Amino acid sequence: MGISMGPNQYGKAEVRLVTVDRSTPRHSIKDLNVSSALRGDLDAVHLTGDNGNCLPTDTQKNTVYAFAKEQPVGEIEDFALRLGRHFVSTAEGITGARVLIDEYAWQRIPVEGTGHDHSFSRAHDEKRTTAVTIDGDQAHVVSGLKDLVVLKSTGSEFWGYPKDEYTTLPETTDRILSTAVTARWRYLHTDVDWAKSFESVRATMLEAFATTHSLALQQSLHAMGKAALEAHPEVAEVRLSLPNKHHFLVDLKPFGLENDNEVFFAADRPYGLIEGVVRRDDVPEAPMAWYSTAEF
Ligand SMILES: O=c1[nH]c(=O)c2[nH]c(=O)[nH]c2[nH]1
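So, how was this worked out
Residues numbered from 1 in each chain as written. Predicted model: local features only at pLDDT ≥ 70, side-chain atom pairs only at ≥ 80, totals over all residues. Heavy atoms only, no water. UniProt positions renumbered as here; feature names shortened; annotations may be inferred. Helix = DSSP H or I, 4+ residues; strand = E, 2+ residues; numbered from the N terminus. Contact = heavy atoms within 4.5 Å. Phe/Tyr/Trp six-rings, centres within 6.5 Å; stacked < 30°, edge-to-face > 60°. Buried < 20%, exposed > 50% of the residue type's maximum accessible area, 1.4 Å probe, protein only. Lys NZ or Arg CZ within 6 Å of the ring centre and 35° of its normal. Salt bridge = Lys/Arg side-chain N within 4 Å of Asp/Glu carboxyl O. Pairing = 2+ DSSP bridges.

## Section: the UniProt feature "binding site: urate" (unreviewed entry) in the protein
According to UniProt, the feature "binding site: urate" (unreviewed entry) maps to Thr-57, Asp-58, Phe-158, Arg-175, Gln-218 and Asn-244 in the numbering used here. With a sequence span of 188 residues, these residues are also far apart in the fold, their greatest C-alpha distance being 51.0 Å. Tracing the sequence through the fold places Thr-57 in helix H2 (residues 57–70). Each residue touching Thr-57, except ones within four places of it in the same chain, is listed here: Tyr-10, Gly-11 and Lys-12. Relative to the elements of secondary structure, Phe-158 occurs in the loop between strand S5 (138–152) and strand S6 (177–187). Leaving out residues up to four positions away in the same chain, Phe-158 has contacts with Leu-169, Glu-171, Thr-172, Arg-175, Leu-215 and Ala-216.

## Side note on the packing of aromatic side chains
Enumeration according to the criterion identifies 3 aromatic pairs in this entry. Between Phe-158 and Tyr-161 the ring centres are 4.9 Å apart and the planes differ by 20°, which places this aromatic pair in the stacked class. Judged by relative accessible area, Phe-158 falls into the partly exposed class, the value being 24%. The aromatic ring of Trp-106 is capped on one face by Arg-122, whose charged end is 5.9 Å from the ring centroid. The cationic tip of Lys-163 hangs over the ring face of Tyr-161; the distance from NZ or CZ to the ring centre is 4.5 Å.

## Notes on the pattern of salt bridges
All chains considered together, the criterion is met by 15 salt bridges. Residue Arg-16 is joined to Asp-31 by a salt bridge in which the shortest nitrogen-to-oxygen separation is 2.7 Å. Of this pair, Arg-16 sits in strand S1 (residues 15–21) while Asp-31 sits in strand S2 (residues 28–40), placing them 15 residues apart in sequence. A salt bridge links Asp-147 to Lys-127, with the shortest nitrogen-to-oxygen separation between them at 2.9 Å. Linking Asp-147 in strand S5 with Lys-127 in strand S4 (residues 120–135), this pair joins segments that are 20 residues apart in sequence.

## Re the pairing of S4
Two faces, one strand: in a regular strand the side chains alternate between the faces of the sheet. In terms of strand pairing, strand S3 (residues 94–108) meets S4 through 12 bridges, oriented antiparallel. Counterpart to Ala-97 in the pairing with S4 is Ile-134. Pairing analysis gives 9 bridges linking S4 to S5, with the strands arranged antiparallel. Bridged to Arg-128 within S5 is Leu-145.

Here it is, written out as structure tokens:
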């Protein structure tokens, strides 16, 4: 019976990096969670424990911190590209790298107008993300966001679905629609103003969520992805993962009260999970770009 080593990668997961730009008394901070993973000629370490090509995960972690000191971190996409290209061009036997970065949002504590110089509060749960894959001399950038919580208090319906002996859900022409958006979008190239593109894709998807009169969260998903692609020629495809954060009408009849779509119970689980890819027909797929990102 033949047994061989299949695809593999290894690296340091979740390196927590915080940088303070102290070049003026008005500090700015960056707060990142960086994971690196390397691929290549790694049969020997798996088969015999020969570590000749095994750049330690500890070294990968140290590289993140050293790079953050040697040059300003800048946009997460640029930092991930720098790290990934460094590993592939300098580590013996390493031909591919994956660098995942989540960025936490901080804002200045509002003190006298413009905000405090060196005191911050975490803005919200939302994270900006990137997943950079270096494959030989090719680079893929998949950027995105996680945990962007949105809600429409009307403009959402759900009816016309099949009914069987287990169906209890009442049809509705007016419900709350709420989700925590996880979105990832793949860029066609790396010549991109990352911050500007991020803000614009995010704003476009939010606008589509707000202005789509939704007959299903699936329809909103498609509208959000389509709007992002239409407005951003630099983007090849958008993947969305949308938990349906159910809001159930509370029965107030026992108290002699009518509930006219005003009082809801916000359930946290279970939740519907609506996921999909919206893509351009004329762009080839790039499975390498998505390898090992957790979402659909
Ligand atoms: O927008 C929705 N899509 C569904 O597939 C679904 N299923 C369900 O129970 N409620 C909803 N809502």
